[in-house]
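If you want the building blocks of each chain, they are given just below.
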Amino acid sequence: MAKSILHTIESNMPGFSKGQKRIAGYILQNYDKAAFMTASKLGKLVGVSESTVVRFASELGYDGYPSMQRALQEMIRSRLTSTQRIQAAGDLLSGHDMLAAVVQSDMEKLRLMVGEADRREFDRVVDKIMKARHIYILGVRSSSFVAGYLNFYLHLLFENVTLVQSNAAGEIFEQLLRIGPEDVMIAISFPRYSKVTMNTVKFAQDRGASIIAVTDNELSPVYQMADAALLAPCEMISFVDSMVAPLSLINALLIAVGARMGTDVSRTFAELEDIWNAYGVFGKMDDE
């Protein structure tokens, strides 16, 4: 994707109008900034109308400006440093209600995920989890919090769950010493993709484990190594990785697994409620 859109722009340059050439020139030189600009802002910056920018996207074969913008964002997502992301976000959010802009961006990711989700693949993932001898959950850096959230609830449902701790590479492989063909590794990986994740997935794959990827798109390294995958957009805003869509996807996965378990889940949580009440785990509204 990274090379294709820029290559397409360069190869079509001779046939562009004057206005389109200005758009093309700016994108080729500043694609990291253009990826986060509205059509209106990009048009004003290069001196053309918003409609000219929209037509430019269509000329490249996209079904609209948002599609071209997503292609640019996918291209740079794994490349940008934190400093470059902050600069790009400045272009995106300047002059806006920042709270509204960020929440709207997250809502758009949720709509995109629901619209593009493969329901059959989702069911395949649930099947693999239900049949696994042992479930290993992997996530490093910002993905570690998503992995921890998934582990918290899966641990309540199953006895055979291990959250792979990623403090040191050697320790990771020690935790996976007994992983094998009947096991499943759920690998959570979002840009910028961690080499630790890729190396660990490769190790589990070599041992015969089935890999379930939770990642952002089909170009993700973990997706390429997976037997099944769930996709959720994770566009970065400033220095922050937006995990709203991935967490919503994890919620759906947990509820689907619970529904498959049926009455077993009710019994598990009935027992937990008795334990929580007996040991005063949760406070009450009238507690001081």
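Residues numbered from 1 in each chain as written. Predicted model: local features only at pLDDT ≥ 70, side-chain atom pairs only at ≥ 80, totals over all residues. Heavy atoms only, no water.

A.B. asks: Tell me about helix α13 (residues 244–261), and name the residues and values.
C.D. replies: The end-to-end C-alpha distance of α13 is 26 Å, a good match for the 26 Å that 18 residues give at a rise of 1.5 Å each. Among the residues of α13, those classed as buried are A245, P246, L249, I250, L253, L254, A256, V257, G258 and M261. Looking at the buried positions of α13, the neighbouring elements they touch are α7 (98–116), α8 (119–131), α9 (143–157), β4 (210–215), β5 (228–231) and α14 (263–278). In the segment just after α13, G262 is the residue with positive phi, at about 60°. (Helix = DSSP H or I, 4+ residues; strand = E, 2+ residues; numbered from the N terminus. Expected span 1.5 Å × (residues − 1). Buried < 20%, exposed > 50% of the residue type's maximum accessible area, 1.4 Å probe, protein only. Contact = heavy atoms within 4.5 Å.)

A.B. asks: For a nonpolar patch on the surface, give the residues involved together with the corresponding values.
C.D. replies: On the surface, a nonpolar cluster with roughly 470 Å² of combined accessible area is contributed by I275, Y279, V281 and F282. With respect to the helices and strands, V281 occurs in the segment after α14. (Patch = residues over 30% accessible without salt bridge, like charges linked within 9 Å, V, L, I, M, F, W, Y side chains within 5 Å. Areas by Shrake-Rupley, 256 points an atom, 1.4 Å probe, with all protein chains shown as cover. Salt bridge = Lys/Arg side-chain N within 4 Å of Asp/Glu carboxyl O.)

A.B. asks: So what about the packing of aromatic side chains? Which residues, and what values?
C.D. replies: This model, assessed by the stated rule, comprises 5 aromatic pairs. With a centroid separation of 5.0 Å and an interplanar angle of 50°, the aromatic rings of F173 and F203 are classed as tilted. Residue F173 is found in helix α10 (residues 169–175), and its partner F203 is found in helix α11 (residues 195–206); the two are separated by 30 residues along the sequence. Among the aromatic residues, those joined into a ring-pair cluster are Y149, F152 and Y153. (Phe/Tyr/Trp six-rings, centres within 6.5 Å; stacked < 30°, edge-to-face > 60°.)

A.B. asks: Explain the nonpolar core residue by residue, including any values.
C.D. replies: Ranked by internal contacts, the top residues of the largest apolar core, which has 35 residues, are I129, I135, L154, F158, I186 and I188. Sorting the residues of this core by element identifies α8, β1 (135–139), α9, β3 (184–188), β4, β5 and α13 as the ones contributing at least two each. Looking at which element gives the most residues to this core, the answer is α13, with 8 residues. Residues within four places of I186 in sequence aside, it is in contact with I129, I135, Y136, I137, L138, L150, L154, I212 and V214. Judged by nonpolar contacts, the second largest core, of 25 residues, contains F16, A39, A57 and M68. (Core = buried A, V, L, I, M, F, W, Y, C linked by side-chain atoms within 4.5 Å.)

A.B. asks: Describe the confidence of the model for the protein, listing the residues and the values that go with them.
C.D. replies: Segments scoring low in pLDDT should not have their predicted coordinates read at a detailed level. Summary statistics for the protein give a mean pLDDT of 85 and a share of 87% for residues scoring 70 or more. Mean pLDDT across the elements of the protein bottoms out in helix α6 (residues 82–93) (57) and peaks in β3 (98). (pLDDT = per-residue confidence, 0-100.)

A.B. asks: Give me the lowdown on the pairing of β3, citing residues and values where you can.
C.D. replies: Of all 5 residues making up β3, 5 are buried, and the element is well covered by its neighbours. The alternating pattern of β3 places V184, I186 and I188 and M185 and A187 on opposite faces, both of which are buried. Direction of pairing for β1 relative to β3: parallel, over a ladder of 5 bridges. Within β3, the position partnered with G139 by the bridge is I188. Where β3 meets β4, 5 bridges bridge the pair, whose relative direction is parallel. Across the sheet, the residue bridging to M185 is I211, located in β4. Between β3 and its parallel partner β4, the chain crosses via α11, and the hand of that crossover is right-handed. (Pairing = 2+ DSSP bridges. Right-handed = clockwise from strand over helix to strand, strands pointing away.)

A.B. asks: Residues and numbers for the packing of α9 against α13, please.
C.D. replies: Helices that pack against each other are described as a pair by the angle of their axes relative to one another and the distance between those axes. Contact geometry of α9 with α13 gives a least axis separation of 10 Å together with a crossing angle of 10°. Between α9 and α13, the interaxial angle falls into the category roughly parallel. Packed against α9, whose contacting residues are V146, Y149, L150, Y153, L154 and L157, the element α13 presents L247, I250, N251, L254, V257 and M261 at the interface. In the contact of α9 with α13, the residues fall into 11 nonpolar, 1 polar and no charged. (Axes fitted to C-alpha atoms, helices over the stretch in contact; angles between N-to-C directions. Parallel < 35°, antiparallel > 145°, perpendicular 65-115°, else oblique. Nonpolar A, V, L, I, M, F, W, Y, C, P; charged D, E, K, R; others polar.)

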